[in-house]
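Analysis of the macromolecular model
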Amino acid sequence: MNALAIIFAYANNDKLKELTEKRTPASVPIGGRYRVVDFALSNMINSNITKVGIITRNNYQSLMDHVGNGKEWDLSRKRDGLYILPPYAQYDSNMQEYGGWIDALSAAMTFIRRSREKYVVLTTGEYVCNIDYEEVLAQHEKSEADITCIYRRDDRGTTGDIAYTLEGDRITDVLLGAGVEGEQNMSMDMFIIERQMLENLVREAAMRGQKSLARDIIRRHLNTLKIFGYEFKGYARRVDSVQAYMQINMDMLQEDVREELFNNPNGRIYTKVRDEMPAQYLEGARVRNSLVADGCIIEGEVENCVLARGVRIGKGAKVSNSIILQKSEVLAEAHLEHVIVDKDAIVRTGRTLIGRENLPVLIGKGMVI
Amino acid sequence: MYLKKNCIAMLLAGGQGSRLGVLTKRMAKPAIPFGGKYRIIDFPLSNCINSGIDTVGVLTQYQPYVLNSYIGNGQPWDMDRIRGGVSILPPYVRGKDGEWYTGTANAIYQNINYIDMNDPEYVLLLSGDHIYKMDYDRMLREHVANKADATIAVLEVPMQEASRFGIMNADEDGRITEFEEKPKHPKSNKASMGIYIFTWKKLRHYLELDEQDPNSSKDFGKNIIPRMLADGQRMMAYNFSGYWKDVGTIDSLWEANMDLLKPNLLNLHDDGWRIYSRTPAQAPHYVGSDATVENSLLTEGSVVNGDVRDSVIFHGARIAKGAVVRKSIVMPDAVIGEDAVVEYAIVGENAKVGAKAVIGGPPRQGDPQIAVVGPDITVEDCAIVKPGEMMSADVAAR
């Protein structure tokens, strides 16, 4: 595909609480063995995009550890491959956070300008989906669009989301901070645009001190540019709150979601390989409707759960509707319902932790409870 | 020009493995899936890199395609190196001549150039059909300290089983005085593990000598070792204790998989001694609402909706609702249909077992008789594969 990709992985989100205390939403562990950004990265390589920049700002240690040189996504290459784009010193280094994608793109402009690909795919690193950008580009070229904005039909918009109004395939209005009732054309924060046009639009917007791609570029150019929508009809959810995080993990227990995300003819979802041994089920293990990663040792009862790599569930422990992240231990006779246990934590023998479906208990990284 | 390596490994992976029957029909023995996510060759390769040996020649001959593509550039074992790394060494034509590897010694002889290019002091010789964790560096340090010409790793086996092995008789300093292949009346229980370290200059000499002997069968156990002993070379035994299993037969392959379910036999959770493997990118395994799984190993990409006990389920395998799997090995991407019963069996890679089919069964008396369904074989609905049967063609309902 004649495109380079930019993944925005710098944003933080208070609604993910302790999950993003030491990491960005893009590097939150999900689905037992993945990080959220694995979906964005895998979608690129599966769409034959082999030049990928990841824009980072703060808290990117965890992300860097995970993506390394991009080898696991086949993005470690002599020519092109993976580029980590930390904040450039020459670009207003006093600024603590990027004010928006325009700030971030301005900082990454050298990388973009030096590329030779015709198109740029812009995407957030926070979506869980398996999407084929080649199909999006085919529509983009066929409709002779200047900008194609990818959206999904959804009624789960939250404040701060962006929705499009369409006439046919053409976008006629951009609703910001929607939170509007009912089903909307929700922006997936994914765009295709010609590289040179992007350079010009970002330069103009930056000169005027503008920050937001949706508000200051898309909305301002609705009448002067051909801006089209592309509806993505598959499974797509953004990791933007603890509730959404819980729901996405639980959605992965459904066969159709799992097949679409992980057994898709479009391509697999790649991640860092850990070389854990297969999961061990011991005598007394009782596991129902759960996703279990390698390296787990299970002696207790587990129902409706996602267990990440190397988790231990002790004898007589009961864990339901919960997510237990890498290397955490639930000791004997502990009882967990609606709990998210972050990495390397220990739930002691006999403890009981009960959350609610829309208000799970969150145990922070490395905590001993 | 390669710079000097202290020790390189040569891994014999060319054997046909005919005792494994249909499992080695399309792949060499070292490529056989093992332990849920591994192939046999992962063990010696991981042992090498964990022992600090980063240059390994893998000698292939029989059905090499699966093995070659599995090893690839050696990246999963951290052996994609600028110098050294893993090299596949098939037989090739030199000048006008060219021949297959006619024996283990001949295989190394034909690759003298490869070894010379790395210019090592020592050569570690390994087989591709053993399951074990071993620090070769400790053995090498003993070899060097003993100023030995050859060091052979030995394992103490029960005396009554000693006549099944090659037995090394050694003096109290560990110097080997005699080697007996499968002796009727063994004098010791130190069995050769098929793991050797040679001082390269010495070995090179004996390989050339052996090659010129028309009566030699060009084999390490039969020719090289006895000849070196007869010449009074300094041959030392290296005592290994720990789990080690030759998986050259259906029964031993099945047993070694079952051994992984027993605690404390072979610890694969060992962070300091990982066994690496090339894994397909698959989601964590899923266990359904009606499933039961106990005392088993499951790995990424498998989906279990049936009843699994005392079994090893490989990546991508699917066990349908109502199916019962006991004391069995279900290899990658195999499918077990609804209400099928699989007991004391090995179901090969990508095989399909139909609904209500019955594969194998518990032993009536004595040792279990392992049923085998070959790779890519389809067993139709309601068909029966009896205990101990080996299926190399599709099975119709009877």
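All values reported here derive from a predicted model rather than from experimental measurement. All chains use their own residue numbering, which begins from 1 and follows the written sequence. Chains and ligands are labelled by the order in which they are written, letters from A for the one and numbers from 1 for the other. Where local features are concerned, this predicted model is filtered to residues with pLDDT of at least 70; where side-chain atom pairs are given and counted, the filter is 80 or more; whole-chain, interface and lining totals use all residues. Only heavy atoms go into the side-chain values, all of them from the structure, while hydrogens and water stay out.

**Observations concerning the overall build of chain A**
This is how the line gets drawn: Secondary structure elements follow DSSP: runs of H or I of four or more residues count as helices, runs of E of two or more count as strands, with numbering from the N terminus. Only C-alpha atoms enter the radius of gyration; for comparison, a globular chain is expected to reach 2.2 Å times N to the power 0.38, where N is the number of residues. Whether a residue is buried, partly exposed or exposed follows from its accessible area with a 1.4 Å probe, protein chains only, as a fraction of its type maximum: under 20%, in between, or over 50%, in that order. To measure how exposed things are, a 1.4 Å probe is used in the Shrake-Rupley method; for residues, cover is taken only from the protein chains shown.
Assigned secondary structure in chain A consists of nine helices and 28 strands. Compactness check: chain A gives a C-alpha radius of gyration of 21 Å against a globular reference of 21 Å for 369 residues, within 12% of the reference. Its C-alpha atoms put chain A at 65 × 45 × 40 Å along the principal axes. A burial count over chain A gives 60% of its 369 residues as buried. Only carbon and sulfur atoms are counted for the fraction: they give 42% of the accessible area of chain A, which is about 14,700 Å².

**Examining the sheet that holds strand β33 (residues 390-391) of chain B**
So the rule is basically this: Only strands joined by at least two bridges in the DSSP assignment are considered to pair.
The eleven strands are arranged β26(A)-β23(A)-β20(A)-β17(A)-β14(A)-β18(B)-β21(B)-β24(B)-β27(B)-β30(B)-β33(B) in an open sheet whose pairing can be described as mixed. The open sheet is flanked by β26 (346-347) of chain A together with β33 of chain B, the only strands paired with a single partner. When strand β14 (residues 279-281) of chain A meets strand β17 (residues 297-298) of chain A, the two strands line up parallel, connected through two bridges. Bridge pairing in β17 of chain A places Tyr281 of chain A opposite Ile298 of chain A.

**Considerations on the interface of chain B and chain A**
Short version of the rule: The contact rule is simple, with two residues in contact once any of their heavy atoms fall within 4.5 Å. What gets called buried area is simply the loss in accessible area from a 1.4 Å probe that two parts show on being joined, summed for both. Here, a salt bridge means any Lys or Arg side-chain nitrogen found within 4 Å of an Asp or Glu carboxyl oxygen. Between N or O atoms, a polar contact is any pair within 3.5 Å; within protein, one atom must be a potential hydrogen donor and the other a potential acceptor, and residues adjacent in sequence are included only when both atoms are from side chains. Residues are grouped as follows: Ala, Val, Leu, Ile, Met, Phe, Trp, Tyr, Cys and Pro are nonpolar; Asp, Glu, Lys and Arg are charged; every other residue, Gly included, is polar.
Of the residues lining the interface, 38 residues belong to chain B; the matching set on chain A comes to 39 residues. Summing the contributions of chain B and of chain A, the shared interface buries around 3,100 Å²; its carbon and sulfur component is 45%. Three residues, His269, Pro284 and Tyr286 of chain B, lead the burial of chain B against chain A; their summed loss comes to 20% of the area buried on that side. Summed over the shared surface of chain B and chain A, the number is four salt bridges. When the shortest N-O distance is used, the salt bridge between Glu259 of chain A and Arg318 of chain B registers 3.1 Å. Across the chain B-chain A interface, the total number found is 25 residue pairs in polar contact (both at pLDDT 80 or more). When residues of the side of chain B that touches chain A are traced back to their parent elements, those giving at least two are β16 (285-287), β17 (292-294) and β18 (296-298) of chain B. Class assignment for the residues of the side of chain B that touches chain A results in 16 nonpolar, 14 polar and eight charged. Strand direction decides the pairing type here: strand β16 (residues 290-292) of chain A and β16 of chain B, joined by three bridges, are antiparallel.

**As for the sheet that holds strand β31 (residues 378-379) of chain B**
By way of backbone hydrogen bonds, the strands of a sheet pair with one another, either parallel or antiparallel. Taken together, eleven strands build an open sheet; the order of strands is β28(A)-β25(A)-β22(A)-β19(A)-β16(A)-β16(B)-β19(B)-β22(B)-β25(B)-β28(B)-β31(B) and the sheet is mixed. Strands with a single pairing partner mark the edges of an open sheet, and in this sheet they are β28 (361-363) of chain A together with β31 of chain B. For strand β19 (residues 303-304) of chain B and strand β22 (residues 318-319) of chain B, the ladder comprises two bridges, and the chain directions are parallel. Bridge assignment links Val304 of chain B to a residue of β22 of chain B, and that residue is Ile319 of chain B.

**Structural notes on the nonpolar core**
Our working definition: The set of buried Ala, Val, Leu, Ile, Met, Phe, Trp, Tyr and Cys residues whose side-chain atoms join them within 4.5 Å is what this entry labels a nonpolar core.
Membership of the largest hydrophobic core comes to 73 residues, with the highest contact counts inside it found for Met134, Ile195, Leu253 and Ile346 of chain B. For this core, the leading source of residues is helix α8 (residues 250-259) of chain B, giving five residues. By size, the runner-up hydrophobic cluster in this structure holds 55 residues, among which are Val287, Val330 and Leu336 of chain A together with Val373 of chain B.

**Topic: the domain arrangement of chain A**
Reports often express the size of an interface as the amount of accessible area lost when the parts come together. Residue and element names in this part refer to chain A. Operational definition: Residue ranges assigned to each domain were obtained from an automatic or database domain assignment.
By domain assignment, chain A separates into domain 1 (3-262) and domain 2 (280-363). Summarising the inter-unit geometry, the C-alpha centres of domain 1 and domain 2 are found 32 Å apart. Listed by partner, the interface residues are 17 residues for domain 1 and 23 residues for domain 2. Roughly 1,600 Å² of surface becomes buried between domain 1 and domain 2 when both sides are summed, with 67% attributable to carbon and sulfur atoms. Scanning the region where domain 1 abuts domain 2 turns up one salt bridge. Arg23 is paired through a salt bridge with Asp342; the nearest N and O atoms lie 2.9 Å apart. On the surface where domain 1 and domain 2 come into contact, there are four residue pairs in polar contact (both at pLDDT 80 or more). For the side of domain 1 that touches domain 2, the element with the most residues is helix α8 (residues 242-251), which contributes six residues. In terms of residue class, the side of domain 1 that touches domain 2 is made up of eight nonpolar, four polar and five charged.

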